[in-house]
Amino acid sequence: MKTLLKDRKSILVVDDEKGIRYGLVKLFGREGFDVFTSENYKDAVEIVSKKKIDIALLDIRLKGPQDGIELLKEIKKRDPGVIVFMVTGHGSIPNSVAAMQEGAADYILKPIDNNKLLTIIRKNLEIKTLRAENSFLKKALIKKVYSYDFITDNPAVKDVIKVADKIKNIAATVLITGESGVGKEVLARYIHFTSNRREANFVGINCAALSDSLLLSELFGHERGAFTGAVEQKIGKFELADYGTLFLDEVGDMSVDVQSKLLRVLEERSFERVGGTKKIFVDVRIIAATNRNITDLIKKGRFRQDLYYRLNVISCYLPPLRERTEDIPLLSDHFLKQYNRRYNKNVQGIESYLLDRLRSYHWPGNVRELQNMINQAVLLCEGDMITSLSFQDSGGTDLFDVVEASGQGKPLKEFLEEVVSHYEKQLIARVLSSNDHNRSKTARDLDITRKTLARKIDKYNL
Ligand SMILES: Nc1ncnc2c1ncn2[C@@H]1O[C@H](COP(=O)(O)OP(=O)(O)OP(=O)(O)O)[C@@H](O)[C@H]1O
Ligand SMILES: [Mg+2]
């Protein structure tokens, strides 16, 4: 705070009396402020539009069509952060009170008492700095809490968190698997930010997004002149993550060539920068993630088995969202609060008929899809409750998603049964919901007996 107060601040003095301007320039100059002066509205607006002003001292009566209060409004419109004081004679005190309602910080009576004036200015600067710091700290806090929160109420995921808690302080490599959008990166951050490595860096790299040569130089860095374009030495992610965590995202998409180089580093705990000869030793915890079926890739010769063993010392599998329906209301609520904060809204919740739909939906995009959906709904919501949600996949299920979800290479019969169950569950859920859970009516609509319906409701947990 002290350092901020020591920063040079600029003051704008607007008064039509030359003597007052002169006196204040001298006073503020001595105190180390940058001072600008003007005798009327027009010149003052000109100054504010060109200079960064911290404080403005405005005579309430100015020559010309616009008075000090209009100037106050104009300054606040351009920069609400300017601290404005009105300077006033005894006769205009009521006007000055009105000015405070327009955002003036205080008013100062003529004749001006220099010491009092300086004290008031200092106090206001201090308050402003404190406010700014407070909001900065709050933001940092939210960011921190967010970066290690892993929200779940699902027993299988809770077990994964238990494992994560147990191993967070050892250096063993972790492999996180699961479909796209299930929270693999959130888990990786959770492990890092709750571990004894949290003071060092969490460095992430997406192995699928880069060509081999780029990926190598990103991971290991390069020496100056290592290749055309290497005009500067570059520190790689391994060095940046020293004493911290390196998150290798989409590791299943790494080429076999890069896999061999990575394996060597994991075995030797050291490496050279591209084009360099010096061995660099690092203490890095590796967390890798993939949404691919690595066992499959190994069978096809696209992933090195020995690397898999190295990475998979501790394995964490995050199930898809459709298999952890208890997390849906929890996460929805979490995102609702998050976007209420972001958009400054106060949406209370989601209508119950939509909750049923959320539970029976198959979530091809998992938590990320839910998050995007709530984001959009909060943004568009006009009342207290969310009354409509836009499902990416509203016309039932894309067959390929079901194939994707149920894993390739299943016997055809088993696969078809799964597809049928999937559609059946969706259909029953929809009709039930549209009939307000009236079973007789639903059975009639579907042309099945009440007993069959009850059995299916049981089977699908509806
Ligand atoms: N348990 C959770 N709590 C809070 N937010 C979550 C949770 N799981 C996922 N999210 C949110 O969902 C989004 C997707 O999560 P994340 O990026 O970790 O998925 P991923 O498994 O790494 O996906 P991909 O395979 O596509 O990279 C993120 O915005 C994340 O904040
Ligand atoms: Mg990810």
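Since this is a predicted model, take the numbers as computed values, not measurements. (Residues numbered from 1 in each chain as written. Chains lettered and ligands numbered in written order. Predicted model: local features only at pLDDT ≥ 70, side-chain atom pairs only at ≥ 80, totals over all residues.)

*Asks:* How would you explain the pairing of strand β3 (residues 55-59) if you had to name every residue and give the values?
*Replies:* Buried residues dominate β3, accounting for five of its five residues. As defined by bridge partners, strand β1 (residues 10-14) adjoins β3 across four bridges and the pair is classed as parallel. In the sheet register, valine 13 faces β3, and the bridge partner there is leucine 57. With helix α4 (residues 68-78) bridging β3 and its parallel neighbour strand β4 (residues 83-88), the resulting β-α-β unit is right-handed. (Buried ≥ 20, exposed ≤ 12 C-beta atoms within 10 Å, placed from the backbone. Helix = DSSP H or I, 4+ residues; strand = E, 2+ residues; numbered from the N terminus. Pairing = 2+ DSSP bridges. Right-handed = clockwise from strand over helix to strand, strands pointing away.)

*Asks:* Residue-level account of the sheet that holds β4, with values.
*Replies:* Strand order in the open sheet made by the five strands is β2-β1-β3-β4-β5, with parallel pairing throughout. Of all strands in the sheet, those bounded by a partner on one side alone are β2 (34-38) and β5 (106-109). Here the average twist between neighbouring strands, direction ignored, is 20°. Contacting β1, β3 and β4, α4 runs over the sheet at an angle of about 160° to β3. (Axes fitted to C-alpha atoms, helices over the stretch in contact; angles between N-to-C directions. Contact = placed C-beta atoms within 7 Å.)

*Asks:* Go over the sheet that holds strand β10 (residues 245-249) with me, naming the residues and quoting the values.
*Replies:* Pairing in this open sheet of five strands is parallel, and the strands run β7-β10-β13-β6-β14 from one edge to the other. The sheet is open, and its two borders are formed by β7 (202-206) and β14 (314-317), each paired with just one other strand. Ignoring which end each strand starts from, the neighbouring axes of this sheet average 20° apart. By the bridge criterion, four bridges tie strand β6 (residues 174-177) to strand β13 (residues 285-290) in an arrangement that is parallel. Residue pairing across strands places valine 174 opposite isoleucine 287, the latter belonging to β13.

*Asks:* Summarise the domain arrangement of the protein chain; cite the residues concerned and give the values.
*Replies:* According to the domain assignment, the protein chain contains domain 1 (2-139), domain 2 (155-319) and domain 3 (324-459). A C-alpha centroid distance of 55 Å is found between domain 1 and domain 2. (Domains from an automatic or database assignment.)

*Asks:* Account for the environment of serine 360, with residues named and values stated.
*Replies:* Position of serine 360 among the secondary structure elements: in helix α15 (residues 352-360). Between the alpha carbons of serine 360 and alanine 429 there is a distance of 6.6 Å; along the sequence they are 69 residues apart. Apart from the residues within four sequence positions on either side, serine 360 is in contact with Lys425, Gln426, Ala429 and Leu462.

*Asks:* Explain the site of ligand 1 residue by residue, including any values.
*Replies:* For ligand 1, the set of nearby residues contains 17 residues, the closest of which are Ser180, Gly183, Lys184, Glu185 and Val367. When residues of the shell around ligand 1 are traced back to their parent elements, those giving at least two are α8 (184-193) and α16 (366-380). Split by domain, the residues of the shell around ligand 1 number at least three in each of domain 2 (155-319) and domain 3 (324-459). (Near = placed C-beta within 6 Å.)

*Asks:* Now, about the confidence of the model for the protein chain: what can you tell me, with residues and values included?
*Replies:* Predicted confidence across the protein chain gives a mean pLDDT of 87, with 92% of residues reaching 70 or more. For the protein chain, helix α1 (residues 2-6) is the element with the lowest average pLDDT, namely 41, and β13 is the one with the highest, namely 97. Note that residues 1-6 has pLDDT below 50 and, in this model, seven contacts with residues that lie over four places away or in other chains. Counting contacts from residues 400-405, a segment whose pLDDT is below 50, to residues more than four positions away or on other chains yields eight contacts. (pLDDT = per-residue confidence, 0-100.)

*Asks:* Lay out the nonpolar core with the relevant residues and their values.
*Replies:* Counting residues in hydrophobic clusters, the biggest one holds 57 residues, and the most contacted among them are Ile176, Leu248, Ile287, Ala288, Leu370 and Ile374. Counting residues per element, this core draws most heavily on α16, at six residues. Shared between two domains, this core holds at least three residues of each, these being domain 2 (155-319) and domain 3 (324-459). In this view, isoleucine 374 contacts Ser332, Phe335, Leu336 and Tyr339; residues no more than four positions away in its chain are not counted. Formed by 31 residues, the second largest nonpolar core is a distinct cluster that contains Ile75, Val84, Ala99 and Ile121. (Core = buried A, V, L, I, M, F, W, Y, C linked by C-beta atoms within 7 Å.)

*Asks:* Help me get a handle on helix α3 (residues 41-50), residues and values and all.
*Replies:* Listed in full, the buried residues belonging to α3 are Tyr41, Ala44 and Val48. The arc that holds the buried residues of α3, viewed along the axis, is 65°, so those residues lie on one side. Facing away from the buried side of α3, by more than 90 degrees, are the exposed residues Glu46, Ser49 and Lys50. The secondary structure elements touched by the buried residues of α3 are β1, β2 and α4. (Arc of directions from axis to C-beta.)

*Asks:* Describe in detail unusual backbone geometry, supporting the description with residues and values.
*Replies:* Of note, the bond from lysine 110 into proline 111 is cis; its omega dihedral lies within 30 degrees of zero at -5°. Along the chain, proline 111 turns up in the loop between β5 and α6 (114-148). Positive phi, normally seen in glycine, also occurs at tyrosine 243, with a value near 70°. Tracing the chain through its elements places tyrosine 243 in the loop between α10 (237-240) and β10. For tyrosine 243, a count of 13 C-beta atoms within 10 Å puts it in the partly exposed group.

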